[in-house]
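The lines below spell out each chain.
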Amino acid sequence: MKKLIVVWASVAFLGLAFSGVAGAADTYRLKLGHTGAPSHHYQTICTLFAKKVAERTGGKVQIDVFPADQLGKQLESVEGVMVGTHDMVLASDTVLSNWVPNMGILNLPFLFNDLSDVRKVLDGPIGVRLAKELEPHGAVVIGWWENGMRHITNNKRPIKTPDDLKGMKIRVPEGEVFVETFKALGAGPTVVSFGELYSALQLGTVDGQENPPAHILTQKFYEVQKYASRTGHIHMSSPLIMNKALLDGMPQEYRTAILETARELGPVHTKMVEELENEQWKEVKAHGMEVIDVDKKPFREKVKPVIAAYKKKLDAGIIEDIEKALQ
């Protein structure tokens, strides 16, 4: 018991939000960070999560939500969760692939046709297996939440075919799959942190970027981009992760409340995103962007070598299991 108290005292010193020792009287105040703007659906779902956890624990577990990278940029925050200086972060499978390469499988181009495909995979044994691979790094995936299908915007010309991407510098997030995908499509992929993306577009450091419509709106990319092509080329999930030692050290009833709530909100978040996107595309047009619906077939053809290469580099069995699950 003495050892446990010492560990908890150290965690409190690092700024992780809880007080007391193990027992029903303990109260915990946790911090949850995300990269979305305050108006983004990340804030909506995180706030709902905090509310439900508080209800289930009788107010004993309070979660404060910090949007817009207030607790640090995503890569830093993920590292913080792993080492114990951060409690929770709504991350991305792309960032986690730096530690768990197989997470990159989820970003393979055109792997998923729609968000219902994503839920079939992540709510089943594949989601469990990928989550398990993160645990040795000190973090736990407590829920698979949603970001959405990604689409290309740029400031040079309408993108209707892969040939239109030639010579364009397209910002991509951390993650080798993104770099290789845009190389295959003929573009010049450039890694830029999300927090610096608006400036990079404004200054012309990159010509375009790719994200779901929620980010186009909430980050006001429409101010510095003219064209949006609905390619749906890659899906990015948003795993909610928590420091493993912190979770393991909580009373069982609190752990159960956190885990069950996080998992239940995965499908809720997906439905929220689906419903929001119909209106978001209308807003994108209203802000003056030209929205182009593309024929995805030539894009799919261009990226086939990327998928073939990753079947050799990563766990081909997982890729094949996903393909079978979606047949």
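These figures come from a predicted structure and were not determined experimentally. (Residues numbered from 1 in each chain as written. Predicted model: local features only at pLDDT ≥ 70, side-chain atom pairs only at ≥ 80, totals over all residues. Heavy atoms only, no water.)

1. Quick look at the overall build of the chain
And step 1. In terms of helices and strands, the chain carries 13 helices and 12 strands.
And step 2. On C-alpha atoms alone, the chain measures out to a radius of gyration of 20 Å, which is about the 20 Å that the 2.2 N^0.38 rule sets for 327 residues.
And step 3. With the C-alpha coordinates aligned to their principal axes, the bounding extent of the chain is approximately 65 × 40 × 30 Å.
And step 4. When the 327 residues of the chain are sorted by exposure, 55% land in the buried category.
And step 5. Excluding contacts between residues fewer than 6 apart, the proportion of contacts in the chain whose partners are at least 24 apart in sequence is 74%.
And step 6. Carbon and sulfur atoms make up 53% of the accessible area of the chain, which totals about 13700 Å².
And step 7. Averaging the positions of the 39 positive and the 40 negative side-chain charges in the chain gives two centres separated by 1 Å. (Helix = DSSP H or I, 4+ residues; strand = E, 2+ residues; numbered from the N terminus. Rg over C-alpha atoms; globule rule 2.2 N^0.38 Å. Buried < 20%, exposed > 50% of the residue type's maximum accessible area, 1.4 Å probe, protein only. Contact = heavy atoms within 4.5 Å. Areas by Shrake-Rupley, 256 points an atom, 1.4 Å probe, with all protein chains shown as cover. Lys, Arg positive; Asp, Glu negative; His and termini not counted. Charge placed at Lys NZ, Arg CZ, Asp CG, Glu CD.)

2. A closer look at the nonpolar core
And step 1. Judged by nonpolar contacts, the single largest core of 36 residues is most densely connected at Val-78, Ile-105, Phe-112, Leu-134, Trp-144, Ile-241 and Ile-322.
And step 2. Contributing elements (two or more residues each) for this core: α3 (74–83), α4 (93–96), α5 (115–122), α6 (125–134), β5 (139–149), α12 (297–313) and α13 (316–325).
And step 3. When sequence neighbours within four positions are dropped, the list of residues in contact with Phe-112 reads Leu-106, Asp-117, Val-118, Val-121, Met-149, His-235, Ile-322 and Leu-326.
And step 4. Of all hydrophobic cores here, the second largest spans 28 residues; its members include Leu-30, Ile-63, Leu-247 and Tyr-254. (Core = buried A, V, L, I, M, F, W, Y, C linked by side-chain atoms within 4.5 Å.)

3. Section: the pairing of strand β8 (residues 188–191)
And step 1. In this sheet, β8 lies alongside strand β7 (residues 169–172) in parallel orientation, the contact comprising four bridges. Across the sheet, residue Arg-171 finds its bridge partner in β8, namely Thr-190.
And step 2. Between the parallel pair β7 and β8, the chain is carried across by helix α7 (residues 176–184), and the sense of this crossover is right-handed. (Pairing = 2+ DSSP bridges. Right-handed = clockwise from strand over helix to strand, strands pointing away.)

4. Examining the pattern of salt bridges
Side chains that differ in sign of charge can pair as their charged atoms come close.
And step 1. A full pass over the atoms with the stated rule returns 17 salt bridges.
And step 2. In this structure, the salt-bridge partner of Arg-29 is Asp-64, at a minimum N-O distance of 2.9 Å. Taken together, the positions of Arg-29 in strand β2 (residues 27–33) and Asp-64 in strand β3 (residues 61–66) put the pair 35 residues apart, joining distant regions of the chain.
And step 3. On the basis of relative accessibility, which here comes to 23%, the residue Asp-64 falls in the partly exposed class.
And step 4. A salt bridge links Glu-196 to Lys-73; the shortest N-O distance between them is 3.0 Å. Here Lys-73 lies in the loop between β3 and α3 and Glu-196 lies in the loop between β8 and α8 (197–203), a separation of 123 residues in the sequence. (Salt bridge = Lys/Arg side-chain N within 4 Å of Asp/Glu carboxyl O.)

5. Comments concerning helix α2 (residues 41–56)
And step 1. With 16 residues, α2 ought to run about 22 Å at 1.5 Å a step, and its terminal C-alpha atoms sit 22 Å apart, in line with that.
And step 2. Looking only at α2, the buried set comprises His-41, Tyr-42, Gln-43, Ile-45, Cys-46, Phe-49, Ala-50, Val-53 and Ala-54.
And step 3. Two residues or fewer past α2, Gly-58 is found with a positive phi of approximately 60°. (Expected span 1.5 Å × (residues − 1).)

6. So, α3
And step 1. Regarding α3, the residues found buried are Gln-74, Ser-77, Val-78, Gly-80, Val-81 and Met-82.
And step 2. Where α3 is buried, its residues touch β4 (88–90), α4, α6, β5 and β11 (235–243).

7. Things to note about the packing of aromatic side chains
And step 1. Within this structure, the stated rule accounts for three aromatic pairs.
And step 2. Between Tyr-28 and Tyr-254, the aromatic rings sit 5.9 Å apart at their centres with planes inclined by 85°, giving edge-to-face as the arrangement. One end of the pair, Tyr-28, is in strand β2; the other, Tyr-254, is in helix α11 (residues 252–286), with 226 residues separating them in the sequence.
And step 3. Its relative accessible area of 3% is what places Tyr-28 among the buried residues.
And step 4. When the centroid spacing of 5.5 Å and the interplanar angle of 80° are considered together, the rings of Phe-49 and Trp-145 count as edge-to-face. Here Trp-145 lies in strand β5 and Phe-49 lies in helix α2, a separation of 96 residues in the sequence.
And step 5. Positioned above the aromatic ring of Trp-281, the side-chain terminus of Arg-230 is 5.1 Å from the ring centre. (Phe/Tyr/Trp six-rings, centres within 6.5 Å; stacked < 30°, edge-to-face > 60°. Lys NZ or Arg CZ within 6 Å of the ring centre and 35° of its normal.)

8. Digging into the confidence of the model for the chain
And step 1. Mean pLDDT over the chain stands at 92; residues scoring 70 or higher make up 92%.
And step 2. Scored below 50 in pLDDT, residues 1–24 shows 36 contacts in the model against residues more than four places distant or in partner chains. (pLDDT = per-residue confidence, 0-100.)

9. Structural notes on the environment of Thr-218
And step 1. Mapped onto the elements of the fold, Thr-218 is located in helix α9 (residues 213–218).
And step 2. For the pair Thr-218 and Asn-107, spaced 111 residues apart in sequence, the C-alpha separation works out to 23 Å.
And step 3. When near neighbours in sequence (up to four residues on either side) are disregarded, Thr-218 contacts Ala-37, Ser-39 and His-40.
And step 4. Among the polar contacts listed, one links the side chain of Thr-218 to the backbone oxygen of Ala-214, at a separation of 2.9 Å. (Polar contact = N/O pair within 3.5 Å; in protein donor to acceptor, adjacent residues only side chain to side chain.)

10. Some thoughts on unusual backbone geometry
Glycine aside, residues mostly have negative phi angles, and peptide bonds mostly take the trans form.
And step 1. With a phi close to 60°, Asp-69 is a non-glycine residue in the positive phi region.
And step 2. If you trace the backbone, Asp-69 turns up in the loop between β3 and α3.
And step 3. Classification of Asp-69 by relative accessible area gives buried; the value is 17%.
And step 4. Phi is positive for Lys-220, which is not a glycine, with a value near 60°.

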